[in-house]
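Survey of secondary and tertiary structure
Read off the chains here:
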Amino acid sequence: MGLKIFLNGKFVEKEEAVLSVFDHGLLYGDGVFEGIRSYNRKVFRLVEHMDRLYESASAIRLEIPVTKDAFASKILETLKVNDLDNAYIRAVVTRGVGDLGLDPRKCGAPSIFIITDKIALYPEDFYKNGLPVIIAKTRRNHPITLDPRIKSLNYLNNILARIDAIDGGTEEALMLSLEGYIVECSGDNIFLVKDGKLFTPPADIGALEGVTQDAVIQLAGKRGIESEYKLMRPEELFEADECFLTGTAAEIVPVSKVDGKPIGSGKPGDITNQLREDYRKLTQTEGIEY
Ligand code: PMP
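Residues numbered from 1 in each chain as written. Predicted model: local features only at pLDDT ≥ 70, side-chain atom pairs only at ≥ 80, totals over all residues. Heavy atoms only, no water.

1. Remarks on the site of the ligand
- Neighbouring the ligand are 17 residues, the closest being Tyr155, Glu184, Val211, Thr212 and Thr248.
- Within the side chain of Arg52, one N or O atom sits 2.8 Å away from an oxygen atom of the ligand.
- Between an oxygen atom of the ligand and a side-chain N or O atom of Thr248, the distance comes to 2.6 Å.
- The fraction of the free accessible surface of the ligand (390 Å²) that becomes covered by protein chains is 92%.
- Grouping the constituent residues of the shell around the ligand by class yields 3 nonpolar, 9 polar and 5 charged. (Near = heavy atom within 4 Å. Polar contact = N/O pair within 3.5 Å; in protein donor to acceptor, adjacent residues only side chain to side chain. Areas by Shrake-Rupley, 256 points an atom, 1.4 Å probe, with all protein chains shown as cover. Nonpolar A, V, L, I, M, F, W, Y, C, P; charged D, E, K, R; others polar.)

2. Overview of the domain arrangement of the chain
- Under the domain assignment, the chain is made up of domain 1 (4-117) and domain 2 (124-285).
- For domain 1 versus domain 2, the separation of C-alpha centres amounts to 26 Å.
- Facing the 24 residues of domain 1 at the interface are 22 residues of domain 2.
- Approximately 1,900 Å² of surface area, both sides summed, lies buried where domain 1 meets domain 2, with 59% of it carried by carbon and sulfur atoms.
- Applying the counting criterion to the domain 1 and domain 2 interface returns 1 salt bridge.
- Among the salt bridges present, the one from Glu251 reaches Arg37, with a minimum N-O distance of 3.5 Å. (Domains from an automatic or database assignment. Contact = heavy atoms within 4.5 Å. Buried area = accessible area lost by both parts, 1.4 Å probe. Salt bridge = Lys/Arg side-chain N within 4 Å of Asp/Glu carboxyl O.)

3. Examining helix α6 (residues 211-222)
- Between its terminal C-alpha atoms α6 stretches 17 Å, which fits the 16 Å expected from 12 residues at 1.5 Å a residue.
- In the stretch just after α6, Gly224 is the one whose phi turns positive, near 80 degrees. (Helix = DSSP H or I, 4+ residues; strand = E, 2+ residues; numbered from the N terminus. Expected span 1.5 Å × (residues − 1).)

4. Structural notes on the pairing of strand β14 (residues 251-258)
- Along β14, 6 of the 8 residues are buried, which leaves the element largely enclosed by surrounding structure.
- Pairing of strand β7 (residues 131-135) with β14, which is carried by 3 bridges, proceeds in the parallel orientation. Within β14, the position partnered with Pro132 by the bridge is Lys257.
- Summarising the sheet, strand β13 (residues 242-247) and β14 pair through 4 bridges and their orientation is antiparallel. Residue Thr246 lies in a different strand from β14, and its bridge partner there is Ile252.
- Here β13 folds back onto β14 in antiparallel fashion, the turn holding 3 residues.
- Taken together, the 2 bridges between β14 and strand β15 (residues 261-262) define a ladder with antiparallel strand orientation. (Buried < 20%, exposed > 50% of the residue type's maximum accessible area, 1.4 Å probe, protein only. Pairing = 2+ DSSP bridges.)

5. Remarks on empty space enclosed by the protein
- Tallied over the entire structure, the rule returns 2 cavities of 30 Å³ or more.
- Around the largest cavity, the lining residues are Arg140, Asn141, Leu146, Asp147, Pro148, Ile150, Ser152, Asn154, Tyr155 and Asn158.
- Within the lining of the largest cavity, the residues separate by chemical class into 4 nonpolar, 4 polar and 2 charged.
- Approximately 40 Å³ is the volume found for the second largest cavity.
- Contributing to the lining of the second largest cavity are Asp241, Glu242, Cys243, Pro254, Val255, Ile263, Lys267, Pro268, Gly269 and Thr272.
- Split by residue class, the lining of the second largest cavity holds 5 nonpolar, 2 polar and 3 charged. (1 Å grid on protein atoms, 1.4 Å probe; cavity = no way out; pocket = protein on both sides within 12 Å on 5 of 7 lines; lining within 4 Å. Points joined across faces, edges and corners; volume = space filled by probe spheres on them.)

If you want it as structure tokens, here you go:
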């Protein structure tokens, strides 16, 4: 049995899951999305992902024609239809099919699709030895142009940073704001650990408000580890004891080097490892069952 995709109201085979070339999601990146995960037939932080999807949609004045609850139920149904125990879930809403102009009013109903698939895990080496990253030449979109808090289909800013990473021989790139502050990576949030405390950049300088970032702050709190949203210059990376990235797909990844220079000992730190273990337990226990 092939993979079934939920597309505009029905389940179709992967090969038949196609959209019009006039869909503004394709023509202009005009749409929003979420990347979600399930562990042991439980979806992790589904409510938070649905909230962010609807907030992103509202920020681009895209009205999703179904309720949050109905959308969430469709995600659970798609997972069941595909009989997946551990999955990566991609939920997408586009502006819909329009004409060749920009006018969003010319588009018909939004296109909605949900892809559930096996999760492609990051290589174990990243977690054991840490991930080297570079600082991207590409700066993060400024919030007054295209706010990175909107998880839109327009991900070229992130893709350009990923190309910087590839050019620099790494898998991830750290992006700075126009003002030169550390913001986030091309697909993950960033944390520094210094003197037993966590520091992460505030979202209003151009970062996505990460669901994993939030979960990590909560887990740290339970261990009595404080967290602070802070404006940080790249130099502060090299004064940190530890550094790690967070994201739904990556979970928690230690960073070993930035631009070839080691962070802390250059090995995954104790707090990073503790939080990784706490996060793993959380994903195994919490979640909405299907
Ligand atoms: N920043 C960006 C740019 C992202 O695309 C993502 C999601 N891959 C994240 C941060 C991490 O967010 P989350 O923890 O909600 O997956």
